[in-house]
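# Descriptive analysis of the structure
For reference, the chains in residue letters:
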Amino acid sequence: MEKRKVKVGVLGAGRGGSMIRYCEMAENAEIVAICDKWEPALERHKDKGIGLYTDFDEFLKHEGMEAVVLANYANEHAPFAIKCFNAGKHVFSEVLPFQNLKEGVELIEAIEKSGKVYSYGENYCYMGPTQEMRRLYRDGSLGTFEYGECEYMHNCEYHWEQITRADPDHWRNNMTATFYCTHSIGPMIHILGKRPVQVVGFEAPFNSRMMRMGAKAGPMAMEVITFEDGTFIKSIHGVGCPKFSYWYNLQGSKGNMETAREITGYRTFDTLYTELDAFEGEHLDGADKRILKYEPTGSNPEMEAKFGHAGGDFYTMYYFCERILGDENAETIDIYEACDMFLPGLFAYKSIMAGNMPVKIPDFRKKEDRDLWRNDTSCTDPKAAGDMLIPSYSKGNPEIPDSVYERLQDMLENPVD
């Protein structure tokens, strides 16, 4: 019997191109509509016999469409997701889930009211090494968790004019240093299944790299996150760092496991190192050490090899569609887990603004916690913040000359081969 395919629409034909391609290749999905305000992006799909829209409200009315992928700007997912749930659609949301606490409360309550599937597309959770770390932790190989570290250090200067379109008002130019945090924090939350309850945040000083990029925040941020059982992790991430470093490390009562450092020549996306004892208290030296280096893959290596983020783009969509089709065990990231990944970054900035003081993280599973933040619109987006607008940089937004954006615009229009 042929498997039913979920009828999917995609908002955002740029980043959404990966999700469109998934629907064209998958056994459990098909693409039925695409929406993008930039018409040339739609032109590439005009021969596919599907609905093409520049108006989102009209797109939502597309006959038969049951699920929507949100691949639009990262600070605008929540309002579109709420519209989708109110229209009875399932939602796959690219990072990030929302940009302020009011949006988060409204999104959660729209999901709860709808009864539809929400799946957060944190693809770094589904790379081979992070999936293997989750398996090893969940089967007891690491023992009791004691400490972890994670990094998403991404030098974006080399293509900043492309991903911001040289627009000084682009969300990337106005986000805080702690905002884009779930590529580092997300896999740790997904592996451990622990809820963060407190965070202390730190912000690196504004530098010449960020000035050249026209980005108004610190180049990187760090969070020390405490979980409900008293254990903690350190996360560091940023877009204005000098080199790349994507890295995850977990330490437990039976040993240690970590992904490769970029500088070693082995990519984090591919390689895992483990040193795990058979039992707590065992100590092996020299040749007896159980140090393994290997390249784990997921459950479908053939398909994951065809998609970005080391197969993460495949698994996020696959599990989303499987959950819609009734598989309750499909490994999706629901809205509450997405909050556990994102709220530490949002509250870390509150910590920074308060002089690096510890700040409590609410549990948005609880209505009483949501009620405390229901009207908090504080963020760096003037359209959403209202009178709670906050600076992108904790010491006040730096003055960036128009000439910076003019240079970036020239680079965009006249790329050098």
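A brief structural summary. (Residues numbered from 1 in each chain as written. Predicted model: local features only at pLDDT ≥ 70, side-chain atom pairs only at ≥ 80, totals over all residues. Heavy atoms only, no water.)

### Concerning unusual backbone geometry
Looking along the chain, the bond that leaves Val 95 and enters Leu 96 is cis, with omega of 10°. Following the sequence through the fold, Leu 96 ends up in the loop between strand 5 (90-93) and helix 5 (101-114). At Arg 165, a position not held by glycine, the phi torsion is positive, near 55°. Position of Arg 165 relative to the elements: it lies in the loop between helix 7 (160-164) and helix 8 (171-174). The residue His 309 is not glycine, and still its phi comes out positive at about 55°. Note that His 309 resides in the loop between helix 11 (301-304) and helix 12 (312-324). Owing to a relative accessible area of 29%, His 309 belongs among the partly exposed residues under this scheme. (Helix = DSSP H or I, 4+ residues; strand = E, 2+ residues; numbered from the N terminus. Buried < 20%, exposed > 50% of the residue type's maximum accessible area, 1.4 Å probe, protein only.)

### Observations regarding the packing of aromatic side chains
When we look at a pair of aromatic rings, we describe it by the centre distance and by the angle of the planes. Tallied over the full model, the rule gives 29 aromatic pairs. Relative to Tyr 315, the ring of Phe 314 has its centre 5.0 Å away and its plane inclined at 70°; by these criteria the two rings are edge-to-face. Comparing Phe 314 with Tyr 315 shows no difference in burial state: the two are buried. When the centroid spacing of 5.5 Å and the interplanar angle of 65° are considered together, the rings of Tyr 318 and Tyr 319 count as edge-to-face. Taking the relative accessible area as the measure of exposure, Tyr 319 reaches 13% and is therefore buried. An aromatic cluster is defined as three or more aromatic residues linked by ring pairs; in this entry it consists of Phe 98, Tyr 124, Tyr 152, Tyr 158, Trp 171, Phe 179, Tyr 180, Phe 244, Tyr 246, Phe 269 and Phe 342. Sitting over the face of the ring of Phe 307, Arg 21 holds its NZ or CZ atom 4.4 Å from the ring centroid. Stacked on the ring of Trp 247, the Lys or Arg Arg 261 has its end atom at 3.7 Å from the ring centre. (Phe/Tyr/Trp six-rings, centres within 6.5 Å; stacked < 30°, edge-to-face > 60°. Lys NZ or Arg CZ within 6 Å of the ring centre and 35° of its normal.)

### Examining the side chain of Glu 223
In this fold, Glu 223 is placed in strand 9 (residues 220-227). The buried charged residue Glu 223 lacks any salt bridge partner; its closest oppositely charged side chain belongs to Lys 234, at an N-O distance of 10 Å. Of the polar contacts made by the side chain of Glu 223, one reaches the side chain of His 237; its length is 2.8 Å. Sequence-distant contacts of Glu 223, that is, excluding residues within four places in its chain, are made with Thr 178, Ile 185, Val 199, Val 200, Ile 233, Lys 234, Ser 235, His 237, Pro 344, Gly 345 and Ala 348. (Lys, Arg positive; Asp, Glu negative; His and termini not counted. Salt bridge = Lys/Arg side-chain N within 4 Å of Asp/Glu carboxyl O. Polar contact = N/O pair within 3.5 Å; in protein donor to acceptor, adjacent residues only side chain to side chain. Contact = heavy atoms within 4.5 Å.)

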